[in-house]
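# Summary of structural features
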Amino acid sequence: MCRSKVRAQDQKEKTWLALEEDIGWLAEAVFPFLEPSACTTVYLEALLHANMFKLASALVEREQEKVSEGWAAFGKYIATVLAVAKENLDSASSCDDSAWRNAKAILAMIPDEGEEEVEEEDEEEAEKEEKKARTEARAAWGAEGAKERDLMEAVQMLTDLKVE
């Protein structure tokens, strides 16, 4: 890739990161009645529609680590990712379409089941409950994403075989 394209991509990412900071400031200073998760959900959806998958993935990972607002808020992010992936799948005319590739990139953000860390025996009961909730949320997200990925793989195989 030539240097001008790399610089343009870096500038685009910087613009999106600046927008994220501005949204956070506006939500805090001007619109304190808005939940931060609502603003983050809208920002995540905008990132996905703009094909900024690297930033969207980083945002989801960051929010997954925070979980200060509870798993219900994280569930909104999961639903947003799946909804945008579905929109892309629905608008794809073939497996060679850019919308199809976008849907695959979005679904790749979803972690597979079994990525949870091994628990230590010394953890307190509250920490165990939180980990259980986190594992269940990840499993639900992974199950939905796995269905979409399986469907995409089946369609791709049929396309490769030229079966209508």
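Residues numbered from 1 in each chain as written. Predicted model: local features only at pLDDT ≥ 70, side-chain atom pairs only at ≥ 80, totals over all residues. Heavy atoms only, no water.

## Describing the overall build of the protein chain
- Regarding its fold elements, the protein chain presents six helices and zero strands.
- Along its sequence from the N terminus, the protein chain presents helices and strands in the succession α-α-α-α-α-α.
- For the protein chain, buried positions account for 34% of its 164 residues. (Helix = DSSP H or I, 4+ residues; strand = E, 2+ residues; numbered from the N terminus. Buried < 20%, exposed > 50% of the residue type's maximum accessible area, 1.4 Å probe, protein only.)

## Focus: the side chain of N102
- Note on placement: N102 falls in helix 5 (residues 98-107).
- Filtering out sequence-adjacent residues up to four positions away, N102 remains in contact with N51, F53 and N88. (Contact = heavy atoms within 4.5 Å.)

## Observations concerning unusual backbone geometry
- Positive phi, close to 60 degrees, is recorded for N51, a residue that is not glycine.
- Residue position: N51 is located in the loop between helix 2 (36-49) and helix 3 (53-66).

## Some remarks on helix 2
- Relative to the 20 Å expected for 14 residues at 1.5 Å per residue, helix 2 spans 20 Å between its end C-alpha atoms, a close match to the ideal helical length.
- When helix 2 is considered as a whole, its buried residues turn out to be S37, C39, T40, T41, Y43, L44, L47 and L48.
- Two residues or fewer past helix 2, N51 is found with a positive phi of approximately 60 degrees. (Expected span 1.5 Å × (residues − 1).)

## A look at a nonpolar patch on the surface
- Side chains of W25, L26, V30, F31, F33 and L34 sit close together on the surface and give an oily, nonpolar patch of about 600 Å² of accessible area.
- With respect to the helices and strands, the residue W25 is situated in helix 1 (residues 3-30). (Patch = residues over 30% accessible without salt bridge, like charges linked within 9 Å, V, L, I, M, F, W, Y side chains within 5 Å. Areas by Shrake-Rupley, 256 points an atom, 1.4 Å probe, with all protein chains shown as cover. Salt bridge = Lys/Arg side-chain N within 4 Å of Asp/Glu carboxyl O.)

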